[in-house]
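Remarks on the overall topology
Residue strings, one per chain:
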Amino acid sequence: MDDTTALLLRLPLFAGMEEAGLAELFSCIRPQRRYYPRGACLLEYGTVSRAIGIVLRGRVEAYRPLPSGGRIPMARMGRGGVFGDVLSGAALKSPVAVTAAEPCEILLLPSAQLLCPCARECAAHRQFLENLLATVGRKYFALFDRMEMLTMHSLRAKVSSFLLAEAAAQGADTFQIEGTRTWLAEYLGCDRSALSREISRMQADGLLEAYKNSFKLLDKAALERFCQS
């Protein structure tokens, strides 16, 4: 099993599949590998997405551009990140733009072939469609959680909510986030200096340890109380 196949089989989109099933699925849909330089646009805001993209190497970021020229960060994804899945097959204009945060390699799965059952009606294709529906549902609730976080009354509550969600997603209390402190400040809707001050205060209070984009949660119970207050 090569490295790419091992990565794909760990993703929720391909849950329940074996290597042979994945190969059978790909023989039907014929995915393409594409390489993009830093700053390249992978999905333009306001256009229809024709493929699901999976990050094999590098990092990409999704954001919503503002009329003022600014932007609202939505997500930053590294190896194994998936984009375009929520829009797959729908003639809807993308509410976000996706660009390469650094040189990256992307596997593109064409939506038209994915959503039309193949002539062989293979089990892997049916499994993929079930996984896709589950993925869309998870992203819907993740967006709801993001909206709830942005309405929290204090910056400490927002930081606590974000870090607890990251710890849960990565399955560890020590982890790294994909973005920089600047990105995190934009994501939380706050000033970068204010974010740095709050993280320093949270370290002084014994809630966490932080260095650049690395975090270790020391008192999750207290962080959860901040989210609820």
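Please refer to the structure higher up on the page.
Below: a short report on this structure. The model shown is predicted, which means the values in this text are computed figures rather than measured ones.

What follows is about the sheet that holds strand 11 (residues 214-217). Overall, antiparallel pairing links the three strands, which are arranged 9-11-10 in an open sheet. A strand with exactly one partner marks an edge of an open sheet, and here the two such strands are strand 9 (174-176) and strand 10 (208-211). Across the sheet, the axes of successive neighbouring strands diverge by a mean angle of 15°, strand direction being ignored. Two elements, strand 10 and strand 11, share four bridges in a ladder whose sense is antiparallel. Residue Ala-210 lies in a different strand from strand 11, and its bridge partner there is Phe-215.

This part is about unusual backbone geometry. Of note in this structure, Arg-30 is not a glycine but carries a positive phi near 50°. When you line up the elements, Arg-30 lands in the loop between helix 2 (19-29) and strand 1 (32-36). Unlike most non-glycine residues, Lys-212 shows phi in positive territory, near 55°. A relative accessible area of 56% places Lys-212 in the exposed class.

Grouped together as the largest cluster of nonpolar side chains are 25 residues, with contacts concentrated most on Phe-162, Leu-163, Leu-188 and Leu-217. Of all elements in the fold, only helix 5 (155-170), helix 6 (181-188), helix 7 (192-204), strand 10, strand 11 and helix 8 (220-228) reach the threshold of two or more residues within this core. Of the residues forming this core, the biggest block, six residues, is contributed by helix 5. Setting aside its immediate chain neighbours within four residues, Leu-217 contacts Leu-163, Leu-164, Ala-167, Asp-173, Phe-175, Leu-207, Leu-208 and Leu-223. Counting 21 residues, the second largest nonpolar core, distinct from the first, contains Leu-22, Ile-54, Leu-56 and Cys-122.

Along the chain, the position of Leu-8 falls in helix 1 (residues 3-9). Each C-alpha atom of the pair Leu-8 and Ala-172 lies 21 Å from the other, and the pair is 164 residues apart in sequence. Filtering out sequence-adjacent residues up to four positions away, Leu-8 remains in contact with Phe-14, Leu-22, Phe-26, Ile-54 and Leu-107.

With that settled, the discussion passes to the layout of surface pockets. Of the volumes computed, that of the largest pocket is approximately 2000 Å³. As for the largest pocket, its lining consists of 49 residues, and the residues nearest its centre are Met-74, Ala-75, Lys-139, Ala-142 and Tyr-187. At the level of elements, strand 4 (60-65), strand 5 (71-77), strand 6 (82-83), helix 4 (123-150), helix 5 and helix 6 are the ones that each hand at least two residues to the lining of the largest pocket. At 11 residues, helix 4 tops the list of elements feeding residues into the lining of the largest pocket. Taken together, the residues that form the lining of the largest pocket break down as 28 nonpolar, 10 polar and 11 charged.

This part covers the packing of helix 2 against helix 4. Between helix 2 and helix 4, whose axes approach to 8 Å, the crossing angle comes to 85°. Classified by the angle between their axes, helix 2 and helix 4 sit roughly perpendicular to one another. Together, Gly-21, Leu-25 and Ile-29 of helix 2 and Ala-124, His-125 and Phe-128 of helix 4 make up the contact between the two elements.

Conventions used here
- Residues numbered from 1 in each chain as written.
- Predicted model: local features only at pLDDT ≥ 70, side-chain atom pairs only at ≥ 80, totals over all residues.
- Heavy atoms only, no water.
- Pairing = 2+ DSSP bridges.
- Helix = DSSP H or I, 4+ residues; strand = E, 2+ residues; numbered from the N terminus.
- Axes fitted to C-alpha atoms, helices over the stretch in contact; angles between N-to-C directions.
- Buried < 20%, exposed > 50% of the residue type's maximum accessible area, 1.4 Å probe, protein only.
- Core = buried A, V, L, I, M, F, W, Y, C linked by side-chain atoms within 4.5 Å.
- Contact = heavy atoms within 4.5 Å.
- 1 Å grid on protein atoms, 1.4 Å probe; cavity = no way out; pocket = protein on both sides within 12 Å on 5 of 7 lines; lining within 4 Å.
- Points joined across faces, edges and corners; volume = space filled by probe spheres on them.
- Nonpolar A, V, L, I, M, F, W, Y, C, P; charged D, E, K, R; others polar.
- Parallel < 35°, antiparallel > 145°, perpendicular 65-115°, else oblique.

So, to be careful, I would describe these as geometric facts and stop short of saying anything about function.
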